[in-house]
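Single-letter residue listing:
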Amino acid sequence: TGNLNYPAVAKRAGFSSALTLDVGIKPDGGIYSLRIRKSSGYPALDQAAKRIVRLSAPFPRLPKALLQELDVLVITRTWKFSDETGLRTR
């Protein structure tokens, strides 16, 4: 989904930038929240990362055992946009 919806600003020669995004996932796999923890410095990239997550939802339901410990699962990922490698997360 990420590389299919790659932002134009990141396709420039020599371009590379990263951002950190928190994604809150509800028990049913829907998105509870999206928060930019560290901006890429490019609003278009920050919005593209959020859009890619929204397009990827819903996610699998959270396991019942996990729901005994929390109401919302928050996953923090670093997104790297680059003209050479496309989109990578870690």
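Summary of the structure given here. Numbers given to residues run from 1 along each chain, matching the order in which its sequence is written. Reporting of local features is limited, given that this is a predicted model, to residues whose pLDDT is at least 70; pairs of side-chain atoms are given and counted only at 80 or more, and all residues count toward the totals for whole chains, interfaces and linings. To obtain the side-chain values, all non-hydrogen atoms of the structure were used and water was disregarded.

Looking at the overall build of the chain
So, step 1. Helix numbers and strand numbers start at the N terminus; a helix is a DSSP run of H or I with at least 4 residues, a strand a run of E with at least 2. Within the chain one finds two helices and four strands.
So, step 2. N-terminal to C-terminal, the α/β element order of the chain is β-β-α-α-β-β.
So, step 3. A burial count over the chain gives 33% of its 90 residues as buried.
So, step 4. By definition in these notes, contact holds between two residues if any of their heavy atoms fall within 4.5 Å. For the chain, contacts bridging at least 24 residues in sequence account for 65% of all contacts bridging at least 6. Only protein chains enter the accessibility calculation, which uses a 1.4 Å probe; a residue whose area is less than 20% of its type maximum is buried, one above 50% is exposed, and one in between is partly exposed.

A few points about the pattern of salt bridges
So, step 1. We define a salt bridge as a contact between a side-chain nitrogen of Lys or Arg and a carboxyl oxygen of Asp or Glu at a distance within 4 Å. On inspection of all chains with the given rule, the structure shows two salt bridges.
So, step 2. Of the charged contacts in the structure, one is a salt bridge between Arg35 and Asp22, with a shortest N-O distance of 2.6 Å. Remark: Asp22 occurs in strand E1 (residues 16-25) and Arg35 occurs in strand E2 (residues 31-38); sequence separation between them is 13 residues.
So, step 3. As a salt-bridge pair, Arg37 and Asp22 come within 3.2 Å of each other at their nearest N and O atoms. Remark: Asp22 occurs in strand E1 and Arg37 occurs in strand E2; sequence separation between them is 15 residues.
So, step 4. In the salt-bridge network here, residues are joined through shared partners; they are Asp22, Arg35 and Arg37.

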